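Understanding the architecture of this molecule
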Amino acid sequence: MTWQADADLSTLTTFGVPARAQWLCSIDQEDQLPVALQQADRKDLPVTVLGGGSNVLLLADVPGLVLHMQLMGIRHQPDPDDSNAVLVTAGAGENWHQLVDYCLHKGWHGLENLALIPGSVGASPVQNIGAYGVELADVLVSVRYFDTQSVQVRTLDRDDCQFGYRDSIFKQSLKQQAIILSVTLRLSREPRTVVTYPALLQHPDVSADMSPQQLFDVVCDIRRSKLPAPAVLGNAGSFFRNPVVSPDAYATLQARWPDIPAFATSTADVKVPAAWLIDRAGWKGVRRGAVGVHDKQALVLVNHGGGTGQQVLALAREIVASVEQTFGVRLQPEVCLVPAPESGL
Ligand SMILES: Cc1cc2nc3c(=O)[nH]c(=O)nc-3n(C[C@H](O)[C@H](O)[C@H](O)COP(=O)(O)OP(=O)(O)OC[C@H]3O[C@@H](n4cnc5c(N)ncnc54)[C@H](O)[C@@H]3O)c2cc1C
């Protein structure tokens, strides 16, 4: 395990903005983690955890130690409670999409809707990744993590992860405390497809009896046509979360904008697509120098090349102010801002 001083982080996040880490250390064995944390503690260095860097905007150089999680390995075992299911455990450093592809080819189903989400397995519970009507919480059994406070490895079952929309305990009370080591999923040995999401239903190849492979192909097809590939255009996917508003607030919005779309939530509250709000406020395709709003998907902020984290942040703040002024709704970031800005977004 080596520590690299003054390390370049520009290629370690999908926004591709320039930033350096005071120290960078790759963790590819679990027993390296307590050693690295102890050394950081002795030197009084703050610790930042990085996976695939696809949900992070680096605003400046990162002080202290950046741990780049590269714990690999995929294991499986029969599910003792369900002969039609398999329990799959993957290391935090495994690539998420490669895990989805691997499971599909093994005949283990349930992840197809989550194909092509960039990033690592270890980050997947942090914001409870979701797409096309499925979220991680639907298949997750447990998360093994290193608890930096008790200095112990612990396991949290799904029901204790406090999963919500792009949310979990790892973003809340266990933020900065839990370093995820591996994730265990329950997948079906029988073909199962979830095709209830509107964007899927509109696709000509979607049908109730389609195979998991066909569903996987459709999801990849839709994503490739809608979202910019980070290798071509720096971005971190959806920059903002979809705001959730009360039924009264939604009724007020609808009175003024009758075509405002909405998704139901598990409560009476209503989720409004942030992309619609940003688009209607006139931001789609807008450029501010080297950064801008994607011209096909208003929820995605992009680095056209040579942009900085501060430039993206300034653009995000303009959008937040403009949407709030137009609709009275305050957008919150989905992307993690590192280091956290003092005045928030
Ligand atoms: C083009 C594009 C499309 C996307 N589409 C979707 C989508 O459809 N649905 C969706 O949910 N997300 C989407 N995302 C966001 C992103 O892919 C996910 O949030 C992903 O899970 C981030 O993984 P990562 O390894 O890159 O995490 P990073 O960006 O490295 O880190 C994200 C956060 O997780 C923490 N973290 C990372 N690894 C660990 C660990 N092992 N232990 C503890 N904390 C950790 C980091 O500290 C940070 O706070 C998209 C991103 C892009 C670029």
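Definitions and cut-offs
Residues numbered from 1 in each chain as written. Predicted model: local features only at pLDDT ≥ 70, side-chain atom pairs only at ≥ 80, totals over all residues. Helix = DSSP H or I, 4+ residues; strand = E, 2+ residues; numbered from the N terminus. Rg over C-alpha atoms; globule rule 2.2 N^0.38 Å. Buried ≥ 20, exposed ≤ 12 C-beta atoms within 10 Å, placed from the backbone. Contact = placed C-beta atoms within 7 Å. Pairing = 2+ DSSP bridges. Axes fitted to C-alpha atoms, helices over the stretch in contact; angles between N-to-C directions. Core = buried A, V, L, I, M, F, W, Y, C linked by C-beta atoms within 7 Å. Domains from an automatic or database assignment. Near = placed C-beta within 6 Å. Nonpolar A, V, L, I, M, F, W, Y, C, P; charged D, E, K, R; others polar.

**Examining the overall build of the chain**
Helices and strands together make up the secondary structure of the chain, namely 7 helices and 20 strands. Taken over the C-alpha trace, the chain has a radius of gyration of 20 Å; the compact-globule value for 345 residues is 20 Å, and the two agree within 12%. Its C-alpha atoms put the chain at 60 × 50 × 35 Å along the principal axes. A total of 345 residues make up the chain; the buried ones form 39% of that total. Expressed as a percentage of contacts within the chain between residues at least 6 apart in sequence, the contacts between residues at least 24 apart total 62%.

**Brief notes about the environment of Asn235**
With respect to the element layout, Asn235 can be found in strand S13 (residues 234-238). Residues Asn235 and Glu94 lie 141 residues apart in sequence; the distance between their C-alpha atoms is 21 Å. Not counting chain neighbours up to four residues away, the residues in contact with Asn235 comprise Thr14, Phe15, Pro228, Pro230, His294, Val300, Leu301, Val302 and Asn303.

**Points about the sheet that holds strand S1 (residues 3-8)**
Here 4 strands make up an open sheet; going across it, the order is S1-S2-S5-S3 and the pairing mixed. At either end of the open sheet lies a strand with only one pairing partner, and these are S1 and strand S3 (47-50). Neighbour-to-neighbour, the strand axes of the sheet open up by a mean angle of 35 degrees, direction not taken into account. Taken together, the 5 bridges between S1 and strand S2 (residues 20-27) define a ladder with antiparallel strand orientation. Directly across from Trp3, in S2, lies its bridge partner Cys25.

**Notes on the pairing of strand S6 (residues 74-78)**
Here S6 lies mainly on the outside; 0 of its 5 residues are buried. Between the end of S6 and the start of strand S7 (residues 85-91), which pair antiparallel, lie 6 residues.

**Considerations on the nonpolar core**
By size, the foremost hydrophobic cluster in this structure holds 93 residues, and its most contacted members are Val66, Ile180, Leu187, Ile278, Leu301 and Val312. Residues contacting Val312, with those up to four places away along its chain left out, are Phe15, Val17, Leu57, Val291, Leu301, Asn303 and Gly307.

**Let's talk about the domain arrangement of the chain**
Along its sequence, the chain is organised into domain 1 (3-69), domain 2 (74-226) and domain 3 (234-338). Measuring from the centre of the C-alpha atoms in domain 2 to the corresponding centre in domain 3 gives 25 Å.

**With respect to the site of the ligand**
The local shell around the ligand holds 32 residues, among which Gly51, Gly52, Gly119, Gly122 and Gly237 are the closest. Counting residues per element, the ones that place at least two in the shell around the ligand are S3, strand S8 (130-131), strand S12 (178-188) and S13. Across the shell around the ligand, the residue classes tally to 18 nonpolar, 14 polar and no charged.

**A short note on the pairing of strand S19 (residues 300-303)**
Two faces make up the sheet, and in a regular strand the side chains alternate between them. Burial of S19 is two-sided: the residues Val300 and Val302 facing one way and the residues Leu301 and Asn303 facing the other way are all buried. Where S13 and S19 come together, 3 bridges link them in antiparallel fashion. Its bridge partner being in S19, Asn235 is matched across the sheet by Val302. With 3 bridges joining them, strand S18 (residues 291-293) and S19 adopt antiparallel strand pairing. Each residue of the ladder has a partner; that of Val291, found in S19, is Asn303.

**Description of unusual backbone geometry**
With an omega of -15 degrees, the peptide bond between Val338 and Pro339 qualifies as cis. Although it is not a glycine, Leu116 adopts a positive phi angle of roughly 65 degrees. With respect to the helices and strands, the residue Leu116 is situated in the loop between helix H2 (96-106) and S8. A tally of 18 C-beta atoms within 10 Å means that Leu116 is categorised as partly exposed. With phi around 70 degrees, Gln176 is a residue other than glycine that occupies positive phi space. Relative to the assigned elements, Gln176 resides in the loop between strand S11 (152-157) and S12. We classify Gln176 as exposed; it has 12 C-beta atoms within 10 Å.

**Focus: the sheet that holds S13**
Pairing in this open sheet of 4 strands is antiparallel, and the strands run S13-S19-S18-S17 from one edge to the other. The open sheet has two edge strands, S13 and strand S17 (287-288), and neither has a second partner. Along the sheet, helix H7 (residues 309-327) contacts S17, S18 and S19; its crossing angle with S19, the most-contacted strand, is approximately 150 degrees.

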